[in-house]
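Survey of secondary and tertiary structure
The residues making up each chain are set out below.
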Amino acid sequence: MAENLNLFTSTQAVVQEALQKLGYDEAMYELLKEPLRMLEVRIPVRMDDNTVKVFTGYRAQHNDAVGPTKGGVRFHPGVTDEEVKALSMWMTLKCGIVDLPYGGGKGGVTCDPREMSMGELERLSRGYVRAVSQIVGPTKDIPAPDVFTNAQIMAWMMDEYSRIDEFNSPGFITGKPLVLGGSQGRDRATAQGVTICINEAAKKVGIDMTGARVVIQGFGNAGSFLAKFLSDQGAKVIGISDAYGALHDPNGLDIDYLLDRRDSFGTVTTLFENTISNQELLELDCDILVPAAIENQITSDNAHNIKATIVVEAANGPTTSEATKILHDRGILLVPDVLASAGGVTVSYFEWVQNNQGYYWTEEEVSEKLHKKMVDAFENIYNVASTRNINMRLAAYMVGVRRTAEASRFRGWV
Ligand code: GLU
């Protein structure tokens, strides 16, 4: 049978297995296998050449039994309804794993921001908010950044929502610039969360982080901050990549130089001649491999050739179910996306709390609170995986889905 590369159906399969292991019946799976709400919108945008282009956008709300839904909005040519649905389910899992009072949500617009001007992006961002405004809000569903969206886009979106709401509404969206009620540390939160998971995982398998050889696929928000944190910590980042190729130096790459040269979409390899392919990068001899780019990168085709001792997923969905099993059987410790990348939504929650109370924390306070959440979550999931002798992905799904299932039961939905 061909391997399942469909993110939505493969996510459903793991959710089903997790619910079964927790002792829930089929009715609970029926409730949680799809988002409760999915809005598809058409957004007309006046382009700079004065033509009008109509974009398709989505907002999925997986389940709001625990609290308002929460999750980013991605601007990418590959956005589809199924991808947004799967991503909203992952947000439920992430919020459950780090114990935030939210359910999962996700949004997206099918577009290519790399080919749009700032003016076009602003009109698209505002148009998206107008289109979904009825179902979002600070106590309903709280958007945030995701692939190819950033603090500036959050600022436009908040401004548009504040006009519709006729109120200054900082708690409508997270990942804002600091002057508009953003939180200290939000921009680096995902990478900080991944770094914490890497350090915890390294302790478990006995890898000394000083001099540890790390390969990072992707040099976007998560990948670039991560490379910086790990090299500052004394690890040797021997490989990085972007959408066009990869760089490899067994003696360690000069991360500060690469950070200086990357563009805002994370492209840097086009400046070099001796590049290798993304596939070759994944199979490099290293201690820690971090897929921080896109989906379905480690599959049954290459899982047997992965040489890392630990794989930590900073991207959403980089390893297929089949590859997850192969890595587990080979004794490679895989820290799944829903745990490793939960740092972003955790600091988004801190941002929302600060907006609600109108009192702001220092960077140290944010970092300390994030550290505790991530370490607790890692330990919990690692223990569930070892005691039940299952892989960490299934353990993470069990921990992540449990609260939403319990809350749905208490509310009498199932
Ligand atoms: N887009 C990020 C994620 O996938 C962050 C979501 C948020 O901050 O709400 O986890």
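Quick caveat, the model's predicted, so the values are computed rather than measured. (Residues numbered from 1 in each chain as written. Predicted model: local features only at pLDDT ≥ 70, side-chain atom pairs only at ≥ 80, totals over all residues. Heavy atoms only, no water.)

1. Thoughts on the UniProt feature "binding site: substrate" (unreviewed entry) in the protein chain
In the UniProt entry, the feature "binding site: substrate" (unreviewed entry) is given for Lys70, Lys94 and Ser348. Taken along the chain, the residues just named run across 279 residues; in space they keep tight, none of their C-alpha pairs more than 12.2 Å apart. Residue placement: lysine 94 occurs in helix α3 (residues 81-97). Owing to a relative accessible area of 6%, lysine 94 belongs among the buried residues under this scheme. Residues contacting lysine 94, with those up to four places away along its chain left out, are Asn316, Val338, Ser341, Ala342 and Val345. (UniProt positions renumbered as here; feature names shortened; annotations may be inferred. Helix = DSSP H or I, 4+ residues; strand = E, 2+ residues; numbered from the N terminus. Buried < 20%, exposed > 50% of the residue type's maximum accessible area, 1.4 Å probe, protein only. Contact = heavy atoms within 4.5 Å.)

2. Topic: helix α13 (residues 363-388)
Taking 1.5 Å per residue, 26 residues should reach 38 Å; α13 reaches 38 Å between its end C-alpha atoms and fits that length. Inspection of α13 places Val366, Leu370, Met374, Val375, Ala377, Phe378, Ile381, Val384 and Ala385 among the buried residues, and these make up the whole buried set. Residues of α13 that are buried make contact with α3, α6 (189-205), β12 (333-335), α11 (337-340), α12 (343-357) and α14 (392-410). Immediately downstream of α13, the backbone of asparagine 389 shows phi near 55°, a positive value. (Expected span 1.5 Å × (residues − 1).)

3. A short note on a negative patch on the surface
Among the surface-exposed residues, Glu363, Glu364, Glu365 and Glu368 lie close enough to one another that they form a single negatively charged patch. Inspection of the secondary structure assignment puts glutamate 365 in helix α13. Take glutamate 365: its relative accessible area is 32%, and that puts it in the partly exposed class. (Patch = residues over 30% accessible without salt bridge, like charges linked within 9 Å, V, L, I, M, F, W, Y side chains within 5 Å. Areas by Shrake-Rupley, 256 points an atom, 1.4 Å probe, with all protein chains shown as cover. Salt bridge = Lys/Arg side-chain N within 4 Å of Asp/Glu carboxyl O. Lys, Arg positive; Asp, Glu negative; His and termini not counted. Charge placed at Lys NZ, Arg CZ, Asp CG, Glu CD.)

4. What about the site of the ligand?
Taken together, 13 residues surround the ligand, and among them Lys70, Lys94, Pro145, Asp146 and Ser348 come closest. Here an oxygen atom of the ligand sits 2.9 Å away from a polar atom, N or O, in the side chain of lysine 70. The contact in question runs from an oxygen atom of the ligand to an N or O atom on the side chain of arginine 186, over 3.0 Å. In isolation the ligand exposes 290 Å². Once the protein is present, 94% of that is buried. Listing elements by their share of the shell around the ligand, those giving two or more residues are α3 and α12. With three residues, α12 is the largest single contributor of residues to the shell around the ligand. When grouped by side-chain class, the residues that make up the shell around the ligand number four nonpolar, four polar and five charged. (Near = heavy atom within 4 Å. Polar contact = N/O pair within 3.5 Å; in protein donor to acceptor, adjacent residues only side chain to side chain. Nonpolar A, V, L, I, M, F, W, Y, C, P; charged D, E, K, R; others polar.)

5. Brief notes about the sheet that holds strand β10 (residues 288-291)
Within the open sheet, the six strands sit side by side as β9-β8-β7-β10-β11-β12. Their pairing is mixed. Sheet topology places β9 (245-248) and β12 at the edges, where each strand pairs with a single neighbour. Taking the axes of each pair of neighbouring strands and ignoring which way they run, one obtains an average angle of 15° across the sheet. Here four bridges tie strand β7 (residues 213-217) to strand β8 (residues 236-242), and the two strands are oriented parallel to one another. Along β8, the bridge assignment pairs isoleucine 216 with isoleucine 240. Running over the sheet, α6 touches β10, β11 (310-312) and β12 and is turned about 160° from β11. The strands touched by helix α7 (residues 221-232) within the sheet are β7, β8 and β10, with β7 carrying the most contacts at an inclination of about 170°. (Pairing = 2+ DSSP bridges. Axes fitted to C-alpha atoms, helices over the stretch in contact; angles between N-to-C directions.)

6. Comments concerning α3
Here α3 is 17 residues long and its end C-alpha atoms lie 25 Å apart, about the 24 Å a rise of 1.5 Å per residue gives. Most of α3 is tucked away, with 15 of its 17 residues classed as buried. Where α3 terminates, the next one or two residues include aspartate 99, which has phi positive at roughly 60°.

7. With respect to the side chain of lysine 70
Examined against the element boundaries, lysine 70 turns out to sit in strand β3 (residues 69-70). At 3.0 Å, the side chain of lysine 70 and the backbone oxygen of isoleucine 142 are in polar contact.

8. Focus on the pairing of β7
The buried fraction of β7 amounts to four of the five residues, a majority that puts the element mostly inside the structure. Judged from the four bridges that link them, β7 and β10 form a sheet pairing that is parallel. Looking across to β10, one finds that glutamine 217 is bridged to proline 291.

9. Focus on the pairing of β9
Inspection of the sheet shows β8 paired to β9 by four bridges, in the antiparallel sense. By the bridge assignment for β9, aspartate 242 is matched with glycine 245. Linkage of β8 to β9, two consecutive antiparallel strands, is achieved through a turn of two residues.

10. Examining the pattern of salt bridges
Counted by the stated rule, this structure contains 28 salt bridges. With a closest N to O distance of 3.2 Å, lysine 33 and glutamate 30 form a salt bridge. By relative accessible area, lysine 33 is classed as partly exposed at 23%. We note a salt bridge from arginine 74 to glutamate 295, for which the minimum N-O separation is 3.6 Å. Residue arginine 74 is located in strand β4 (residues 73-76), and its partner glutamate 295 is located in the loop between β10 and β11; the two are separated by 221 residues in the primary sequence. Owing to a relative accessible area of 6%, arginine 74 belongs among the buried residues under this scheme. Here the salt bridges do not stand alone but share partners, grouping Glu122, Arg126, Arg130, Asp159, Glu160 and Arg163 into one network.

11. A short note on the nonpolar core
Counting residues in hydrophobic clusters, the biggest one holds 86 residues, and the most contacted among them are Leu19, Ile97, Ile198, Ile216, Ile240, Val290 and Leu339. What leucine 339 contacts, discounting residues up to four positions off in sequence, is Ile97, Cys197, Met374, Ala377, Phe378, Ile381 and Met392. Counting residues in each nonpolar core, the second largest holds 25 residues, with Phe55, Val109, Leu124 and Ile135 among its members. (Core = buried A, V, L, I, M, F, W, Y, C linked by side-chain atoms within 4.5 Å.)

12. Looking at the packing of α6 against α12
In a pair of packed helices, the angle between the axes and the distance between the axes together describe the arrangement. Contact geometry for α6 and α12: axes closest at 7 Å, N-to-C directions at 125°. Classified by the angle their axes make, α6 and α12 are oblique. The crossing of α6 and α12 is right-handed. Every residue of α12 that contacts α6 at Ala189, Thr190 and Gly193 is listed here: Gly343, Gly344 and Val347. Per-class residue counts for the contact of α6 with α12 are two nonpolar, four polar and no charged. (Parallel < 35°, antiparallel > 145°, perpendicular 65-115°, else oblique. Left-handed = near helix turned anticlockwise from the far one by under 90°.)

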